[in-house]
Amino acid sequence: MAKLTRREMLKFGLLASGSGLLASSGVGCSLFSSSRIPSPTTTRFPEGWSLSIPEVLSPSSSLSPDPAPPIRLGYKMYEISQEERQHQFHPDLPPSTIWGYNGTFPGPTFHARVGEGSVVRFHNNLPQAKGFGVPRTVVHLHGGHQSSENDGFPTDYFLRGESKDMVYPNVPAGGDHRETPSTLWYHDHLIDFTAENVYRGLAGLYLVFDDKDCGDETNPRGLRLPSGPFDIPLVFTDKRFSPDDGSLTYDSFDHDGFLGDKVAVNGRIHPTLSVYRRKYRFRFLNASNARFYEFFLRLEKENRSLPTPFVQIASDGGLLPTPLSRSSFLLTNGERVEVILDFSRFSEGDEVILENRIRQWDGRGPNERIATGEPGTDLLKFRVMGNPPDGDPSQIKDRLRELAPLPTDLSSLPREDLIFDRKSGAWVINKKFFDPDTALITAPLGKGVIWRLYNNTSRWWHPIHIHLEFFRILTRNGKRPPDHEICRKDTLILAPRDEVEIFVQFRDYPGKYVLHCHNLEHEDMFMMARYDVTES
Ligand code: C2O
Ligand code: CU
Ligand code: CU
């Protein structure tokens, strides 16, 4: 059976009555209806199954052939091969076939520094597609501030056997240090197939440091945030495995948003991390296709959620102006939150569980918070060891990174509406399916703009992501947004009927970019728009 792309289905009118038509017309119905079949059971927090931390990628001394100009002096050069490998998600499961950057899931972590650009040569060494995943790839640095050619536009793919250099200057927008990011991630962005390729494993982290957030907790000129082995990324993805042979499964016909029933943290289900009685920095990334999480912390022996365990220090767009104490936090697809957890409040031998307390039945979005007293979904176990041998030199300062002031006269800025809606079993923005050849809206370079985002559906949630620049949320449903949304963002939650006004200023790069829903199945089902930044 030749696989129709979603775009072809749209062209042939097959979407008109939704995916139900496809199922009932016999197009792969039994083959692909894996959406609801439960995975084999796996042991909770098996002994010796520790949290894996993606390795930090080392630069290469040169690339051969040399990258094309204009590569400025001082850029660091990296090489990554996209490969198929076997990956162990859990000791009770057989190894699964994944596609990974350097063959790993998550991919290697970049440590970039402001002012030192990176050139990354990505090689596409993926095999012929079998099952899900399409071996044409586009690499996008999510949250990155880079030119259009280096942003991973969804049609800028390269094929098996080909390579592509991506250039990331690592200069904050407008050269303004207040715009410095912190936790970015890179992932596949192939038109129509991002969901399959990311689910297969094509995702990794890209961390940005500067003189303040310097990655050294002992440096008196920096912010003293926990660093090195105490700065740990946590990448959350939900996966599903075949009850027959334990292989990783996906349902290419689930256009609502595919949900797994097992959550991998940095590629492992139910891992344990041993921690000293000191502060740690955790960078949370929701790299799941369609699942939302609300994270809580529970002390195992008391069996209750801790009141305010999280000190949030950063969001999508880097450090917050001031730290924020939180009892829990919701994380949507593509979003990042960074927190400090201080384990010195616990005793040696304590077990502390990170759990998700949101129920979600399908790709429409979260259904409800789990009631107090009922068990949540356990994700990661912290086992508290003794005091750190070298003490805890880290600090949480009152002031982290200030926000650039908003323009005083917002009312004079150009405005656009972006209406997110459902149509013919797929999704539209301003009544249009994604069209890579036509800009839905334009924005002038330099000036700021105000965009009003409105979710015109009554049951679907849409995590909306805008490339190129961080934005600021001005109002949410007519009101001032909550404190944790007063920061630089690149992804926001648009719950049913939500109306959000944002301010965004395109400063450095003219050209074509995209904005889209980061529920990856929605994105692939056309909930994406090209926008052009234009020089006047
Ligand atoms: Cu995280 Cu357009 O992507
Ligand atoms: Cu992005
Ligand atoms: Cu959506």
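Refer to the structure presented above.
A brief structural summary.

1. Some details on the overall build of the chain
Consideration 1: A count of helices and strands for the chain gives five helices and 34 strands.
Consideration 2: Computed over its C-alpha atoms, the radius of gyration of the chain comes to 22 Å, within 12% of the 24 Å expected for a compact globule of 536 residues.
Consideration 3: On the principal axes, the C-alpha backbone points of the chain span a range of 65 × 60 × 55 Å.
Consideration 4: Buried residues in the chain amount to 59% of all 536 residues.
Consideration 5: Restricting the contact set of the chain to residue pairs at least 6 apart, pairs at least 24 apart contribute 77%.
Consideration 6: Of the accessible surface of the chain, which amounts to about 20300 Å², a share of 50% is contributed by carbon and sulfur atoms.
Consideration 7: Across the chain, the centroid of the 63 positively charged side chains sits 2 Å from that of the 70 negatively charged ones.

2. Some points on the environment of K76
Consideration 1: Here K76 shows up in strand β1 (residues 76–87).
Consideration 2: Classification of K76 by relative accessible area gives partly exposed; the value is 33%.
Consideration 3: Once the C-alpha coordinates of K76 and P154 are considered, the two residues, 78 residues apart in sequence, prove to be 25 Å apart.
Consideration 4: Filtering out sequence-adjacent residues up to four positions away, K76 remains in contact with P59, E116, G117, S118 and V119.

3. Quick notes on the coordination of the copper ion (ligand 2)
Consideration 1: Protein-derived ligands of the copper ion (ligand 2) are H140 (NE2) and H465 (NE2), with the metal-ligand distances lying across 1.9 Å. With H140 in strand β5 (residues 139–142) and H465 in strand β29 (residues 462–466), this pair connects stretches of sequence that are 325 residues apart. Here the two residues H140 and H465 agree in accessibility, since each one is buried.

4. Focus on the coordination of the copper ion (ligand 3)
Consideration 1: With distances of 2.0 to 2.1 Å, the protein atoms coordinating the copper ion (ligand 3) are H462 (ND1), C517 (SG) and H522 (ND1).
Consideration 2: Here the donor residues for the copper ion (ligand 3) map to a single chain with the spacing H-x54-C-x4-H. Here H462, found in strand β29, pairs with H522, found in helix α5 (residues 520–524); they are 60 residues apart in sequence, far enough to count as distant. For the pair H462 and H522, a shared accessibility class is recorded, and that class is buried.

5. Focus on unusual backbone geometry
Consideration 1: Cis geometry marks the peptide bond from S64 to P65, where omega comes out at -5°.
Consideration 2: Within the element layout of this structure, P65 appears in the loop between α3 (29–32) and β1.
Consideration 3: Of the consecutive residues F105 and P106, the connecting peptide bond is found in the cis state with omega at -10°.
Consideration 4: Mapped onto the secondary structure, P106 falls in the loop between β2 (96–101) and β3 (110–113).
Consideration 5: In this model, N430 sits at a positive phi of 50°, which is unusual for a non-glycine residue.
Consideration 6: The exposure class of N430 is partly exposed, given its relative accessible area of 22%.

6. With respect to the environment of D362
Consideration 1: Relative to the helices and strands, D362 resides in the loop between β22 (358–359) and β23 (368–369).
Consideration 2: C-alpha separation for the pair D362 and G257, spaced 105 residues apart in sequence, amounts to 6.9 Å.
Consideration 3: When residues no more than four places from it in sequence are discounted, the contact partners of D362 are R36, L259 and N367.
Consideration 4: Here R364 takes part through its backbone nitrogen, which lies 2.9 Å from a polar atom of the side chain of D362.

Cut-offs and rules
Residues numbered from 1 in each chain as written. Chains lettered and ligands numbered in written order. Predicted model: local features only at pLDDT ≥ 70, side-chain atom pairs only at ≥ 80, totals over all residues. Heavy atoms only, no water. Helix = DSSP H or I, 4+ residues; strand = E, 2+ residues; numbered from the N terminus. Rg over C-alpha atoms; globule rule 2.2 N^0.38 Å. Buried < 20%, exposed > 50% of the residue type's maximum accessible area, 1.4 Å probe, protein only. Contact = heavy atoms within 4.5 Å. Areas by Shrake-Rupley, 256 points an atom, 1.4 Å probe, with all protein chains shown as cover. Lys, Arg positive; Asp, Glu negative; His and termini not counted. Charge placed at Lys NZ, Arg CZ, Asp CG, Glu CD. Donors = N, O, S within 2.8 Å, 3.2 Å for Na, K, Ca; no water. Polar contact = N/O pair within 3.5 Å; in protein donor to acceptor, adjacent residues only side chain to side chain.

Everything listed here is a matter of coordinates, which is why it stays silent on function.
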